[in-house]
Amino acid sequence: MVQEIEALQAKLSETVDEDEQRALEEDVTGKILWFCWCGICAEVDELLPKVLDYMRREGNMRDHA
């Protein structure tokens, strides 16, 4: 994914046509946003079980207090 973004940025810097530049900028932006979204989803998938486990433990402790 990073290599694709770098390739698009290289192509963008070589492009003279404004319409093509705009299209490439949109492509780069879209790939960066997708890359960020995938990272966020991976973080949530990793963190969510820990949060749920913590909430279950804290809930059980409050029930016993």
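Structure: above.
Now for a quick tour of the structure. (Residues numbered from 1 in each chain as written. Predicted model: local features only at pLDDT ≥ 70, side-chain atom pairs only at ≥ 80, totals over all residues. Heavy atoms only, no water.)

### A word on the overall build of the chain
Alright, step 1. What the chain contains, in helices and strands, is two helices and zero strands.
Alright, step 2. The C-alpha radius of gyration of the chain comes to 22 Å, more than 25% above the 11 Å expected for a compact globule of 65 residues.
Alright, step 3. Dimensions along the principal axes, computed over C-alpha positions, put the chain at roughly 70 × 20 × 10 Å.
Alright, step 4. Buried residues in the chain amount to 9% of all 65 residues.
Alright, step 5. For the chain, the exposed area adds up to about 5600 Å²; of that, 58% sits on carbon and sulfur atoms.
Alright, step 6. Computed over 7 positive and 16 negative side-chain charges, the inter-centroid distance for the chain is 12 Å. (Helix = DSSP H or I, 4+ residues; strand = E, 2+ residues; numbered from the N terminus. Rg over C-alpha atoms; globule rule 2.2 N^0.38 Å. Buried < 20%, exposed > 50% of the residue type's maximum accessible area, 1.4 Å probe, protein only. Areas by Shrake-Rupley, 256 points an atom, 1.4 Å probe, with all protein chains shown as cover. Lys, Arg positive; Asp, Glu negative; His and termini not counted. Charge placed at Lys NZ, Arg CZ, Asp CG, Glu CD.)

### With respect to the environment of Ala 23
Alright, step 1. Relative to the helices and strands, Ala 23 resides in helix H2 (residues 18–64).
Alright, step 2. Separated by 18 residues in the primary sequence, Ala 23 and Cys 41 place their C-alpha atoms 27 Å from one another.

### Details of the side chain of Thr 15
Alright, step 1. Mapped onto the fold, Thr 15 is located in the loop between helix H1 (2–14) and H2.
Alright, step 2. Judged by its relative accessible area of 10%, Thr 15 is buried.
Alright, step 3. Those residues in contact with Thr 15 that sit more than four places away from it in its chain are Glu 20, Gln 21 and Leu 24. (Contact = heavy atoms within 4.5 Å.)

### Structural notes on the pattern of salt bridges
Alright, step 1. For the structure on display, the rule yields three salt bridges.
Alright, step 2. Between Arg 22 and Asp 19 there is a salt bridge, with its nearest N and O atoms 3.1 Å apart. You can see Arg 22 and its partner Asp 19 sitting in helix H2, three residues apart, about one turn around the helix.
Alright, step 3. Overall, Arg 22 belongs to the partly exposed group, its relative accessible area being 42%.
Alright, step 4. Assessed through its relative accessible area of 52%, Asp 19 is described here as exposed.
Alright, step 5. A salt bridge links Asp 53 to Arg 57; its shortest N-O distance comes to 3.3 Å. (Salt bridge = Lys/Arg side-chain N within 4 Å of Asp/Glu carboxyl O.)

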